[in-house]
Amino acid sequence: MTVQSTTPLLEVRDLVREYRLPQQSLLAKPQVLRVLHGVSISLKAGESLGIVGESGSGKSTLARSVMALEKPQSGTVKLNGRDIYQLGRKELKTARKEFQAIFQDPYGSLDPRHTVRRIIAEPVASLEKGVSADMRETRIAQVLEAVGLSASAADKYPHEFSGGQRQRIAIARALITRPSLIVADEPVSALDVSIQAQVLNLMMDLQEQFNLSYLFISHDLGVVRVMTDRVAVMHQGKIVEEGLTAEVFDNPQHPYTQALVKAVPKPFSGRRNRAAKRALMNN
């Protein structure tokens, strides 16, 4: 994994996100549920940061806040030094080209009524005005080739592809605006184990090819260990431990991290190079 800059691409500071709960009665005092408690993370260009924790720990809420899909009550989310929640509508629309998402379900995230061409081109149509039809077609063909599919796939519909191929289409859609950051929320958890390895290898190749940064959210510690440079462990809306992935998993300090690591088979120990990681995933 190639890291080229010490300046954070993404910098999240003291993020607080709350949800108002339904009132139990007309005169009852409104109650709020705090999901994120002052969360802070940073991510450099070309780096991968894993976010791990049990369901309800706040991982996906953090992802939605980073993607400017849910505005926090307080805190900052800076992309390339600019707080995305301080941007105007047009500025935010322009900034959205820099971050895209890959979601968990390759069946639910692609509209079955649309061709692959329309699905992949949608971010360009909504975020990049003035792109010619010829240029759009060129970029669609390029990203399809980048994810291991032929340009002819653009004329087909999602139901004509396997789950792994659909996730490749979702990845192509994320690449079409040439982002610097991809938020991957459980991107392989819905796939068979053999297909998971193929998709993870693809994501590593794409990271090197396009110098991508990944915010990689997963409950699977083995996947996180293979895919990330650093990891942040979330528990009850807080970051309880953070550091180099191998060091955190090999020598967890917080009791919650210790419990997570103990609960799953250890995939491997020590630092390994990319070729070794590939071999492990392909076995």
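Residues numbered from 1 in each chain as written. Predicted model: local features only at pLDDT ≥ 70, side-chain atom pairs only at ≥ 80, totals over all residues. Heavy atoms only, no water.

Participant: Please provide a residue-by-residue account of the sheet that holds strand S4 (residues 74-79), values included.
Facilitator: With antiparallel pairing, four strands are arranged side by side in an open sheet as S2-S1-S4-S5. The open sheet has two edge strands with one neighbour each: strand S2 (32-44) and strand S5 (82-83). Relative to S2, strand S1 (residues 8-20) runs antiparallel, the two sharing ten bridges. Considered in S2, the bridge of Tyr-19 is made with Leu-33. In the packing of helix H1 (residues 59-66) onto the sheet, contacts are made with S1, S2 and S4, and the angle to S1 comes to roughly 115°. (Pairing = 2+ DSSP bridges. Helix = DSSP H or I, 4+ residues; strand = E, 2+ residues; numbered from the N terminus. Contact = heavy atoms within 4.5 Å. Axes fitted to C-alpha atoms, helices over the stretch in contact; angles between N-to-C directions.)

Participant: Now, about the side chain of Thr-177: what can you tell me, with residues and values included?
Facilitator: With respect to the secondary-structure elements, Thr-177 resides in the loop between helix H5 (163-175) and strand S7 (181-185). A distance of 3.0 Å separates the side chain of Thr-177 from the backbone oxygen of Lys-97, its partner in a polar contact. With residues up to four places along the chain from it excluded, the contact list for Thr-177 reads Lys-97, Gln-100, Pro-123, Val-124, Leu-127, Glu-128 and Arg-139. (Polar contact = N/O pair within 3.5 Å; in protein donor to acceptor, adjacent residues only side chain to side chain.)

Participant: Just give me the short version of the sheet that holds strand S10 (residues 238-244), but keep the residues and values in it.
Facilitator: Reading across from one edge, S6-S7-S8-S3-S9-S10 is the order of the six strands in this open sheet, with mixed pairing throughout. Where the open sheet ends on each side, the last strands, each with one partner, are strand S6 (99-102) and S10. Strand-to-strand, the axes of this sheet are offset by a mean angle of 20°, without reference to chain direction. The pairing of strand S9 (residues 230-235) with S10 spans six bridges and is antiparallel. Along S10, the bridge assignment pairs Val-231 with Gly-243. In the packing of H5 onto the sheet, the strands contacted are S6 and S7, and the crossing angle to S6 comes to about 175°. Each of strand S3 (48-52), S9 and S10 touches helix H9 (residues 255-263); the most contacted strand, S9, lies at about 105° to it.

Participant: Explain helix H3 (residues 116-127) to me, and be specific about the residues and the numbers.
Facilitator: Among the residues of H3, Val-116, Ile-119, Ile-120, Ala-121, Pro-123, Val-124 and Leu-127 are the ones counted as buried. On its buried side, H3 packs onto helix H2 (89-95), S6, helix H4 (133-146) and H5. (Buried < 20%, exposed > 50% of the residue type's maximum accessible area, 1.4 Å probe, protein only.)

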